Amino acid sequence: MVFPVLSTYRLQLRGPDSGFAFTFADAQNLLDYLDELGVSHLYLSPILTAVTGSSHGYDVTDPTTVSAELGGPEGLARLSAAARARGMGLIIDIVPNHVGVDRPEQNRWWWDVLRYGRSSAYAQFFDIDWDLDDGRIVLPLLGSDDDVADLTVDGERLRLGDLVLPIAPGTGAGTGRQVHDRQHYRLVGWRRGVCGYRRFFSITSLAGLRQEDRAVFDATHTEVARWVTEGLVDGVRIDHPDGLADPAGYLRWLRELLGPDTWIVIEKILAADEALEPTLPVAGTTGYDALRELGGIFLDPSGAAALTALAGVDDPGVLRDLKVDTATDTLAAELHRLRRCVVADAGADHPRLPDALAALLSRIDVYRCDYRGLAAVLPTALAETEAAAPDLGAPLQLVAAAIAAGGEPAARLQQLCGAVTAKASEDCLFYRDARLVSLNEVGGDPQRFGVGAAEFHQRAATRARLWPQAMTTLTTHDTKRGEDVRARIGVLSQVPSRWAQFVAHAETIAPCPDAATGLFLWQNIFGVWPVDGAITAALRDRLHGYTEKATREAARRTSWQDPDPDFEAAVHRWLDTVLDGPLAGELTALVTELHPHAESDALGQKLLALTAPGIPDVYQGSELWEDSLVDPDNRRPVDYAERRAALKSLTHPKIRVVRAALRMRRARPDTFLRGGCRPVLAAGPAAEHVVGFGRGEDVVVAVSRWTVRLADTGWGDTTLALPPGGWTDRLTDTRWTGPTPAADLFASMPVTLLERTDA
């Protein structure tokens, strides 16, 4: 029996060797709590066998087995049965694009390919560049090429520290170097910029799979199909389908395999103005597009100019430059392979071909543009590229000739496009742009300062009509900041002058070694700063860890590839000065002043996320206030004892909102699965401070926003015109009818969830 997916609750599973365990059994022990909260489905991170000790599960080593670390197939079956006994179901995250090869001995397919080369039964499974170099698989796993001399022979294996690799039959005599030179692989230094297989972005430990081959698809989805056939799960989330050669074809095969009733959502990152391809046989995306809208509606556009002036940067060309750098440096191996594909197909070469490819990729503003609905994107990008650099006209013709008929050059161009976009924007620009860092989120655009009410309502109505079962979310395992951190940072849009004064004053007392880095970090520090000002050892460690990651991702003064220890030490000393010096008290005072407004926005976006069109996901622990930054910070253990107590008392406003909304969804499934979404407008002097909509005929949601200004002006005679009938606020049990004064409606909470309760 398939249970309709009304809401999901994301759980990050991990085995005991990962630092702390959260297994199927732990998830099963939460079922009573999640049921009481109103959740319909548990949404589990990848559960197939991954690298031992994996903290996330995306480094799958065996797609054919359920992880024994998590409880194995028996544990999954027990969890599923216990959930179904409560009328709940399971959604599973699956990873078709790549597998983990960090420890080759744990991945039998990869081990076999390294041992037998092209004659391996699994050689076709991996996207290997057999034409690179001397025909062996190039593995950039060494600090330098010279490290080959340190290889030792251990029976049928080569060893170098923790690295273990297989030896082909009959080739094990001699020194480590001599044996290495006879293998089907060749080890090189990672700084060489070459790699013999398609990676997940630039992560060498994740090797790409060839899902365009039906044999590979069948082999990697047998276990997934079993889950559906045996009724263990009701749906799947597809990780990064844009990395595949043919995502649309893959999704068609998947729909045929899993049947028409299985809920399928895809981690498709849409640009702000990009629509999801309507022909895809899925329920929708995993909700990053909705995240931008749900948070953006609370940003005050009047603060944009002042915050832009403070940051001193507002150049859309920056991202194009970063894309070119990413393509020619970080992803140079992939660019080189694409060039060879183009040359082979077009039958000609040009010395400027790499420049043309990099420039073209920088002009494509989506992750990939070979979906039918995006047919105009690529020719437009070609036109813009040649207009900006006429001398690239000849190599661009070679590109057009090579990709005209589709095939490998076209597919590799699209695969590289997604990787370039992600690495340049999410993993670099989002750590540099310091205008308002809550904008710098997956699926977001720092150039787009918030979302207007008209845009918000139109997008909601469109989702209700076209994608009513797409996932909506506020926090994921990949978000740069948790929802409540973004909400607090977003309040700065309401007080830009106040914030500019604080930063200017702070920099005179504790100047950051780099002003741009300081402006970026100040907002994140503000976002997680405790209201009571108590700086615990855990918070200190988290902020130092985030600082290292943020400065290296930004790649201005230091990077993962070339860390600058002096600069990093200086920034860490600066952070300690902030945490321990006089600025700590001033920051506490500012946080205390603005905290009520941050809580108001956090409650508002949470209620909108739970009631707007789509299937809402609650990320683990986010039913209470949470202060997470980017991973691994957002994958810390969750205190469920605290949450059980909060659910019992219902004094915490956020869990009250979550419980009321989820239970209403469960009570009125038709309203939320098939009901429309229409604006409910306020009237009066403070009307712009209200965002409201109706779902179907029996639910009305309204939230307040821009409350800093509102605290000065008050509601006045602003009213919200409720639809005909009697309405009960399920958060306060207050009854309303007709035009209702906003001052009364929001007297006790900044949000309201109204259910029609007349005959």
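Look above for the structure.
Remember, predicted model here, so these are calculated numbers, not experimental data.

Scoring rules and cut-offs
Residues numbered from 1 in each chain as written. Predicted model: local features only at pLDDT ≥ 70, side-chain atom pairs only at ≥ 80, totals over all residues. Heavy atoms only, no water. Helix = DSSP H or I, 4+ residues; strand = E, 2+ residues; numbered from the N terminus. Rg over C-alpha atoms; globule rule 2.2 N^0.38 Å. Contact = heavy atoms within 4.5 Å. Areas by Shrake-Rupley, 256 points an atom, 1.4 Å probe, with all protein chains shown as cover. Lys, Arg positive; Asp, Glu negative; His and termini not counted. Charge placed at Lys NZ, Arg CZ, Asp CG, Glu CD. Buried < 20%, exposed > 50% of the residue type's maximum accessible area, 1.4 Å probe, protein only. Pairing = 2+ DSSP bridges. Right-handed = clockwise from strand over helix to strand, strands pointing away. 1 Å grid on protein atoms, 1.4 Å probe; cavity = no way out; pocket = protein on both sides within 12 Å on 5 of 7 lines; lining within 4 Å. Points joined across faces, edges and corners; volume = space filled by probe spheres on them. Axes fitted to C-alpha atoms, helices over the stretch in contact; angles between N-to-C directions. Core = buried A, V, L, I, M, F, W, Y, C linked by side-chain atoms within 4.5 Å.

Enquirer: Outline the overall build of the protein, listing residues and values.
Expert: Within the protein, the regular secondary structure consists of 27 helices and 25 strands. Its C-alpha atoms give the protein a radius of gyration of 27 Å, within 12% of the compact-globule value 27 Å for 759 residues. Principal-axis analysis of the C-alpha atoms places the extent of the protein at approximately 85 × 65 × 50 Å. For the protein, the proportion of contacts with a sequence separation of at least 24, taken over those separated by at least 6, is 73%. Entry remark: accessible area of the protein is about 27400 Å², with carbon and sulfur atoms responsible for 52%. Charge separation in the protein, taken as the distance between the mean sites of 77 positive and 103 negative side-chain charges, equals 3 Å.

Enquirer: Tell me about the environment of Val318, and name the residues and values.
Expert: Here Val318 lies in helix 10 (residues 317–330). A relative accessible area of 27% means that Val318 is categorised as partly exposed. Through-space distance from the C-alpha of Val318 to that of Leu429 is 8.2 Å; in sequence the pair is 111 residues apart.

Enquirer: Let's hear about the pairing of strand 14 (residues 235–238): which residues, and what values?
Expert: Residues Gly235 and Arg237 point to one face of strand 14 and Val236 and Ile238 to the other, with burial holding for every one of them. The sheet contact formed by strand 5 (residues 89–94) and strand 14 spans 4 bridges and is parallel. In the strand pairing of strand 14, Ile91 is matched with Gly235. Of the crossover connections in this fold, the one passing from strand 14 over helix 7 (residues 247–258) to the parallel strand 15 (residues 263–266) is right-handed.

Enquirer: Run through the layout of surface pockets, naming residues and quoting values.
Expert: Gaps left between atoms are located by rolling a probe of water-molecule size over the structure's atoms. Taken as a whole, the second largest pocket holds about 970 Å³ of empty space. Lining of the second largest pocket is provided by 42 residues; of these, Leu319, Leu429, Asp445, Pro446 and Gln447 occupy positions nearest its centre. Secondary structure elements with two or more residues in the lining of the second largest pocket: helix 10, helix 12 (353–363), helix 15 (407–426) and helix 19 (515–528). Per-element accounting of the lining of the second largest pocket gives the leading share, 4 residues, to helix 10.

Enquirer: So what about the sheet that holds strand 14? Which residues, and what values?
Expert: With respect to topology, 8 strands assemble into an open sheet ordered 16-15-14-5-2-1-18-17, the strand pairing being parallel. Pairing within the sheet leaves two strands with one partner each, and these edge strands are strand 16 (284–285) and strand 17 (471–472). Taken together, the 4 bridges between strand 1 (residues 8–11) and strand 2 (residues 41–44) define a ladder with parallel strand orientation. Directly across from Arg10, in strand 2, lies its bridge partner Tyr43. Packed on one face of the sheet, helix 3 (residues 72–85) meets strand 2 and strand 5 and runs near 140 degrees to strand 5.

Enquirer: An account of the sheet that holds strand 10 (residues 163–166) is requested, with residue identities and associated values reported.
Expert: Pairing is antiparallel in the open sheet, where 3 strands are placed in the order 8-9-10. The outermost strands of the open sheet, each flanked by one partner alone, are strand 8 (152–154) and strand 10. Neighbour-to-neighbour, the strand axes of this sheet turn through a mean angle of 35 degrees, independent of strand direction. Of the pairings in the sheet, the one linking strand 8 to strand 9 (residues 157–160) comprises 3 bridges and is antiparallel in character. Looking at strand 9, one finds that Val153 is bridged to Leu158.

Enquirer: Go over the environment of Ala702, please, and point to the residues and values.
Expert: Here Ala702 shows up in strand 22 (residues 699–704). Spatially, the C-alpha atoms of Ala702 and Ala682 are 9.5 Å apart, while their sequence positions differ by 20 residues. Excluding residues that lie within four positions of it along the chain, Ala702 makes contacts with Leu607, Val690, Val691, Gly692, Leu720, Phe746, Val751 and Thr752.

Enquirer: Tell me about the nonpolar core, residues and numbers included.
Expert: Judged by nonpolar contacts, the single largest core of 129 residues is most densely connected at Leu11, Leu42, Ile47 and Trp227. When residues no more than four places from it in sequence are discounted, the contact partners of Ile47 are Leu13, Phe24, Thr65, Val66, Ser67, Leu70, Leu76, Ile92, Asp93 and Trp227. Membership of the second largest hydrophobic core comes to 49 residues, among which are Leu299, Val495, Phe502 and Ala584.

Enquirer: Could you give an account of unusual backbone geometry, naming the residues involved and the relevant values?
Expert: The amide bond that connects Asp631 to the next residue, Pro632, takes the cis arrangement and shows omega of 5 degrees. One non-glycine residue, Ala555, lies in the positive phi region at around 55 degrees. Along the chain, Ala555 turns up in the loop between helix 20 (537–554) and helix 21 (565–580). Since its relative accessible area comes to 36%, Ala555 is described here as partly exposed. Despite not being glycine, Leu650 shows a phi value in the positive range, around 55 degrees. Inspection of the secondary structure puts Leu650 in the loop between helix 23 (640–649) and helix 24 (653–667).

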